[in-house]
Amino acid sequence: MKNVFVLAQDIAPTHFAYWFNQGFAVLVVIALGWAVYGWIRWAGVNLLVPLKDAGVDHLKQTTTTMKSLQVTLADQHTTVREIKDTLGNLQTGLTEIASDVDILKKRQA
């Protein structure tokens, strides 16, 4: 019985086994290409799309958080300004009281 599967280099290009081997090689390459395409498509649909959706949702939540933080910081800034003004008025009042006390001490002396 003769071996059908021989190396392509040992067969003349006009022989049937040569064309069979070449055709089989092409089919294997096409099958591998189709398998790789299917895997890439599956990975894209099942991995990349959910990751993209999660990223978009995260950015929306981050935007909402940043806007809330901006409002909170603006309110805090207003509160700090009010405290500063109150302390400035208190310092002015204390300075006036201290100068009045000095004037009273000078009058008593």
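Heads up: these notes are all about the structure in this document. These numbers come from a predicted model, not from an experiment.

1. Some remarks on the overall build of the protein
Inference 1: Helices and strands together make up the secondary structure of the protein, namely one helix and zero strands.
Inference 2: Taken over 109 residues, the protein has a buried fraction of 6%.
Inference 3: Accessible area for the protein stands at about 10100 Å²; split by element, carbon and sulfur atoms hold 68% of it.

2. Re the packing of aromatic side chains
Inference 1: Evaluation of the coordinates by the stated rule reveals one aromatic pair.
Inference 2: Residues W34 and Y37 carry aromatic rings whose centres are separated by 5.7 Å and whose planes lie at 45° to one another, so their mutual orientation is tilted. Of this pair, W34 and Y37 both sit in helix 1 (residues 16–108), separated by three residues, roughly a single helical turn.
Inference 3: The class of W34 is exposed, set by a relative accessible area of 64%.
Inference 4: Look at Y37 and you get partly exposed, because its relative accessible area is 46%.

3. A look at a nonpolar patch on the surface
Inference 1: A cluster of nonpolar side chains, namely V36, W39, I40, W42, L47, L48 and L51, defines an oily patch on the protein surface of about 800 Å² accessible area.
Inference 2: Relative to the assigned elements, W42 resides in helix 1.

4. Regarding helix 1
Inference 1: End to end, helix 1 covers 132 Å across 93 residues, agreeing with the expected 138 Å (1.5 Å per residue, within 8%).
Inference 2: G44 marks the point of greatest bend in helix 1, at about 35°.

Reading the values: the criteria
Residues numbered from 1 in each chain as written. Predicted model: local features only at pLDDT ≥ 70, side-chain atom pairs only at ≥ 80, totals over all residues. Heavy atoms only, no water. Helix = DSSP H or I, 4+ residues; strand = E, 2+ residues; numbered from the N terminus. Buried < 20%, exposed > 50% of the residue type's maximum accessible area, 1.4 Å probe, protein only. Areas by Shrake-Rupley, 256 points an atom, 1.4 Å probe, with all protein chains shown as cover. Phe/Tyr/Trp six-rings, centres within 6.5 Å; stacked < 30°, edge-to-face > 60°. Patch = residues over 30% accessible without salt bridge, like charges linked within 9 Å, V, L, I, M, F, W, Y side chains within 5 Å. Salt bridge = Lys/Arg side-chain N within 4 Å of Asp/Glu carboxyl O. Expected span 1.5 Å × (residues − 1). Bend = angle between axes of the 7 residues up to and from the residue.

Purely spatial values, then, with no claim about function.
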